[in-house]
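Commentary on secondary and tertiary structure
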There are 2 protein chains.
Amino acid sequence: MIVALAGGVGGAKLIYGLAACTTPENLTCIVNTADDLEICGLYVSPDLDTIMYTLAGLANPSTGWGIREDTFNALSMLRTYGQETWFALGDRDIATHLLRTQMLRTGKSLTEATQFLAQSLHVQATLLPMSDQRVATLVQTDDGWLDFQDYFVRRRGQDEVRGIRFQGIDEARLSDQAAQALERARLIVLCPSNPIVSIGPILALAGVRGMLKRSAARKVAVSPIIGGQAIRGPAARMLKGLGLEVSAYGVAQLYADFLTGFVLDEVDSAQEGRIRSLELEVLVTDTVMRDDMDRISLARKILRWSG
Amino acid sequence: MIVALAGGVGGAKLIYGLAACTTPENLTCIVNTADDLEICGLYVSPDLDTIMYTLAGLANPSTGWGIREDTFNALSMLRTYGQETWFALGDRDIATHLLRTQMLRTGKSLTEATQFLAQSLHVQATLLPMSDQRVATLVQTDDGWLDFQDYFVRRRGQDEVRGIRFQGIDEARLSDQAAQALERARLIVLCPSNPIVSIGPILALAGVRGMLKRSAARKVAVSPIIGGQAIRGPAARMLKGLGLEVSAYGVAQLYADFLTGFVLDEVDSAQEGRIRSLELEVLVTDTVMRDDMDRISLARKILRWSG
């Protein structure tokens with residue numbers, strides 16, 4: 001059993017590779033939901049959607065998120081009605097949000113809604129939201145605390161990050177299904193997702209770090225920071241704003257209390273010694289996933305290395 | 001002040017003409033909401049939408065309902081998710097339903113939601129749902145009682161109609177805004193809408209027939225039955241199924257207790273005498289509205305005739 005912890009686009013790429021290299025029934029993804037938001041009454045779960053669309057072969061290859069060849073006519077009409085439309089809701093995408101919202105309103109859990117949606121799209125791997133309770137990432141900027149999507153999408157991640165808070169994290173708990181998957185895991189992969197706001201909320205749920213420490217599984221992380229830059233998104237700026245080292249080593253430090261191995265890009269091979277000093281095994285390889293073959297190749301190397 | 005009572009497509013056509021011939025601020029439309037339905041958690045109000053889109057110049061000219069050049073990608077994705085998709089939700093149209101649903105969920109009335117939507121689309125006439133309480137038309141067929149849209153859209157109005165019931169009609173009441181409009185009206189026009197399921201629910205609200213009887217306004221109806229046929233929709237089949245005469249005269253009878261005048265198509269001029277015997281003034285003219293000019297022409301004739 002393989003369990004991947006993931007956020008959005010970066011996580012989806014590696015999960016796509018893992019699903020292609022293993023029996024997908026043996027792959028469970030525990031996905032960040034602290035970026036979830038409500039738009040026009042629709043419950044939107046961007047990370048779950050990105051991973052689901054990627055595994056279903058529906059993802060928009062040029063953005064990584066959304067559905068390929070989707071249209072934006074509902075959004076355009078919402079603009080006509082004077083609504084803010086900075087969050088891109090595709091027309092096909094709206095069907096996902098409509099059904100999820102309806103299931104939540106009629107008493108289903110986010111776990112159940114996700115299972116229904118993913119199975120309808122013939123996704124064979126198991127997708128699990130980290131929690132069935134609402135957690136909301138807030139970003140402290142010079143203009144105050146902002147909702148994550150306000151910071152990330154509306155303001156394009158341009159603010160200096162002074163702090164991060166996960167609202168509701170003390171009341172939320174890892175779902176039973178996610179806890180069972182972690183207990184049964186032989187390999188746990190922390191995807192190259194933002195360590196602060198994608199992997200961070202999962203690790204911040206009560207008991208998760210303890211569970212990971214106690215787990216006898218191999219526990220490996222792939223650095224989302226390559227050559228001091230994030231491949232995508234605000235990870236570098238966030239690490240810097242929080243006073244953390246913007247490097248693969250900086251990421252390894254965040255996970256070092258429970259990790260057994262770390263996957264380092266070749267351009268960062270000079271950091272191998274420092275990371276080994278954290279008592280981690282290190283795989284140095286090309287980790288940039290430009291296309292599907294890269295995804296599968298990286299996944300295969302990680303699986304071989306992890307035995 | 002002119003008040004129009006209306007259902008969907010037929011009503012929208014005459015209202016379009018009335019709005020073009022009068023100061024639209026002096027025109028108030030009281031619209032049937034007993035066809036409203038919930039689809040995927042969206043509150044859809046087909047008659048209000050049809051009239052709103054028509055007055056906003058957005059209506060699809062080939063169907064009469066929906067928005068011109070709309071796409072159906074959300075619907076297609078709902079089908080991928082295994083949902084029934086017999087009710088055509090356009091992508092642009094969904095924006096209307098999303099906002100209406102959200103306003104209702106946050107405690108706004110249907111009247112308030114309708115006002116917001118119509119004003120955002122620069123509709124100058126006043127659109128009012130007949131009631132802020134839910135009324136649902138049920139149609140009795142040989143397969144039992146069906147929701148109106150199930151009968152009309154999914155089963156294409158093919159069933160024999162054995163009975164009609166307006167669920168919730170005893171608890172619902174004419175909205176205050178609609179009551180005030182009726183009180184101030186100088187002319188009340190019953191549009192060529194289905195007399196049973198479009199005009200019927202409005203007249204079935206407590207006090208409405210009494211208010212119409214007492215009103216000193218001119219009260220005229222346009223026959224939706226021409227040459228024994230409905231221009232569109234199941235009116236003829238319904239009248240027949242309920243044992244009523246399928247003719248302009250049959251329609252006039254339904255309103256004769258409060259009406260002052262009746263607009264009859266030229267092809268039905270032979271019925272003029274019978275309709276006059278109901279103590280109604282009669283205007284015989286071409287009532288088929290093929291295009292915008294027909295709509296305006298008919299509206300102008302009605303307004304002149306009504307003084």
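Details of the structure are given in the entry above.
Here goes a summary of the coordinates provided. Because the structure is predicted, anything quoted here is derived from the model rather than measured. (Residues numbered from 1 in each chain as written. Chains lettered and ligands numbered in written order. Predicted model: local features only at pLDDT ≥ 70, side-chain atom pairs only at ≥ 80, totals over all residues. Heavy atoms only, no water.)

Residue and element names in this part refer to chain B. Ordered in space as S7-S6-S8, the three strands form an open sheet in which the pairing is antiparallel. Looking at the sheet topology across the chains shown, the edges are occupied by strand S7 (144-147) and strand S8 (163-167). Taking each pair of neighbouring strands and ignoring which way they run, the sheet shows an average axis angle of 30°. Pairing of strand S6 (residues 136-141) with S8 involves five bridges; the strand directions are antiparallel. Paired with Gln-140 across the bridge in S8 is Gly-163. (Pairing = 2+ DSSP bridges. Helix = DSSP H or I, 4+ residues; strand = E, 2+ residues; numbered from the N terminus. Axes fitted to C-alpha atoms, helices over the stretch in contact; angles between N-to-C directions.)

Attention now goes to the pattern of salt bridges. All names here are of chain A. Per the counting criterion, the structure on display carries 30 salt bridges over all chains. Among the salt bridges present, the one from Asp-143 reaches Arg-155, with a minimum N-O distance of 2.5 Å. Taken together, the residues Asp-143 in the loop between strand S6 (136-141) and strand S7 (144-147) and Arg-155 in the loop between helix H6 (148-154) and strand S8 (163-167) connect sequence positions 12 residues apart. For Asp-143, a relative accessible area of 55% gives the class exposed. With a relative accessible area of 23%, Arg-155 lands in the partly exposed category. The partner of Glu-281 in a salt bridge is Arg-218, and the shortest N-O contact between them spans 3.3 Å. Of the two residues, Glu-281 sits in strand S14 (residues 281-285) while Arg-218 sits in strand S10 (residues 218-222), which places them 63 residues apart along the sequence. Take Glu-281: its relative accessible area is 37%, and that puts it in the partly exposed class. Overlapping salt bridges, with partners in common, bring together Asp-143, Arg-155 and Asp-159 in one network. (Salt bridge = Lys/Arg side-chain N within 4 Å of Asp/Glu carboxyl O. Buried < 20%, exposed > 50% of the residue type's maximum accessible area, 1.4 Å probe, protein only.)

Here the focus is the packing of aromatic side chains. All names here are of chain A. Tallied over the full model, the rule gives eight aromatic pairs over all chains. Pairing Phe-148 with Phe-152 gives two aromatic rings, centres 5.2 Å apart and planes at 25°, and the pair type is stacked. With Phe-148 and Phe-152 both in helix H6 and four residues apart, the pair spans about one turn of that helix. Note on Phe-148: relative accessible area 5%, which makes it buried. According to the relative accessible area criterion, Phe-152 is partly exposed, its value standing at 25%. Here the aromatic cluster, defined as three or more aromatic residues joined through ring pairs, consists of Phe-148, Tyr-151 and Phe-152. (Phe/Tyr/Trp six-rings, centres within 6.5 Å; stacked < 30°, edge-to-face > 60°.)

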